[in-house]
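# Observations on chain architecture
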Amino acid sequence: MVLRFAILTVLLATALPATADDRVPPVTDPVVLKECGVCHMPFQPAFLPARSWSALLQGLGDHFGEDASLPSDAVETIRAYMTGNAGDVVSRGAARKFMRWVAPDGTPQRITENPAFARKHNFPQSVWTDPKVVAKSNCLACHPRAADGHYE
Ligand code: HEC
Ligand code: HEC
């Protein structure tokens, strides 16, 4: 009986961290939350490698066709946070899955073009044109707790 309880405890102890690991670390930096959450959910840094964030932040004047320019001190704060918590730095859970598909010298600018994303989001076109979804980047349409890092 005692032994069985011990085994159960071990099973629970190994199961719980695995679940916690599925969560993508949420954005905690107030500048990122404010400045990168104006037009869309502030995406978690773990979905792109550090060099992608650097490149993206250098081009905020033409950010996917929008002017998302910011003062240089804000850009520097955001750059430090995003590169410090990037997928190739975190390298576990979803980050590891996404980074596997990034070429060693690749600097993707989109999370939604990563094959790891495509594999889990292989829906018919009608899903993406649904007025409630509109864009692949609209994570919140289907993952209501995405901003907290919950995509399971
Ligand atoms: C002025 C509005 C605006 C602001 C501010 C803004 N973005 Fe964007 N962002 C966009 C638009 C528009 C897209 C393209 C959406 C689409 O095509 O689905 C986009 C797309 C992205 C994507 C790619 C999403 C994908 O498809 O995988 C990333 C990454 C991103 N933004 C990061 C940021 C970061 C980091 C910041 C803060 C520095 C930021 N954005 C601030 C408008 C904005
Ligand atoms: C049209 C709805 C829809 C949109 C929009 C969407 N997702 Fe998903 N996503 C899903 C569904 C459904 C699943 C589960 C698929 C499966 O398990 O096969 C999923 C799975 C995932 C997973 C895998 C979770 C796991 O535990 O394996 C991640 C990570 C993820 N989405 C991230 C994102 C991100 C980041 C965005 C925005 C850039 C996004 N999704 C936008 C519907 C969506």
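It should be noted that the structure appears before, not after, this text.
Below or above, wherever it landed, is the structure these notes cover.

Reading the values: the criteria
- Residues numbered from 1 in each chain as written.
- Chains lettered and ligands numbered in written order.
- Predicted model: local features only at pLDDT ≥ 70, side-chain atom pairs only at ≥ 80, totals over all residues.
- Heavy atoms only, no water.
- Near = heavy atom within 4 Å.
- Polar contact = N/O pair within 3.5 Å; in protein donor to acceptor, adjacent residues only side chain to side chain.
- Helix = DSSP H or I, 4+ residues; strand = E, 2+ residues; numbered from the N terminus.
- Donors = N, O, S within 2.8 Å, 3.2 Å for Na, K, Ca; no water.
- Tetrahedral: all angles 85-135°; square planar, octahedral: opposite > 155°, others 65-115°.
- Buried < 20%, exposed > 50% of the residue type's maximum accessible area, 1.4 Å probe, protein only.

### Quick look at the site of ligand 1
With respect to spatial proximity, 20 residues lie near ligand 1, and among them C36, C39, H40, H63 and S137 are the closest. Between H63 and ligand 1, the recorded distance is 2.8 Å, taken from a side-chain N or O atom to a nitrogen atom. In this structure, an oxygen atom belonging to ligand 1 sits 2.6 Å away from a side-chain N or O atom of R110. Looking at the shell around ligand 1 element by element, the count peaks at three residues for helix α3 (residues 50-58).

### Considering the coordination of the iron atom of ligand 2
Surrounding the iron atom of ligand 2 are the protein donor atoms H121 (NE2) and H143 (NE2), at 1.9 Å. Its six donor atoms give the iron atom of ligand 2 angles of 85 to 179° at the centre, a pattern that matches the octahedral case. With a gap of 22 residues between them, H121 in the loop between α7 (115-120) and α8 (125-128) and H143 in the segment after α8 connect regions that are remote in the sequence. In terms of burial, H121 and H143 fall into one category: buried.

### Quick look at unusual backbone geometry
Its identity is not glycine, yet F64 carries a phi of approximately 50°, on the positive side. Not every positive phi belongs to a glycine, and V134 is a case in point at roughly 70°.

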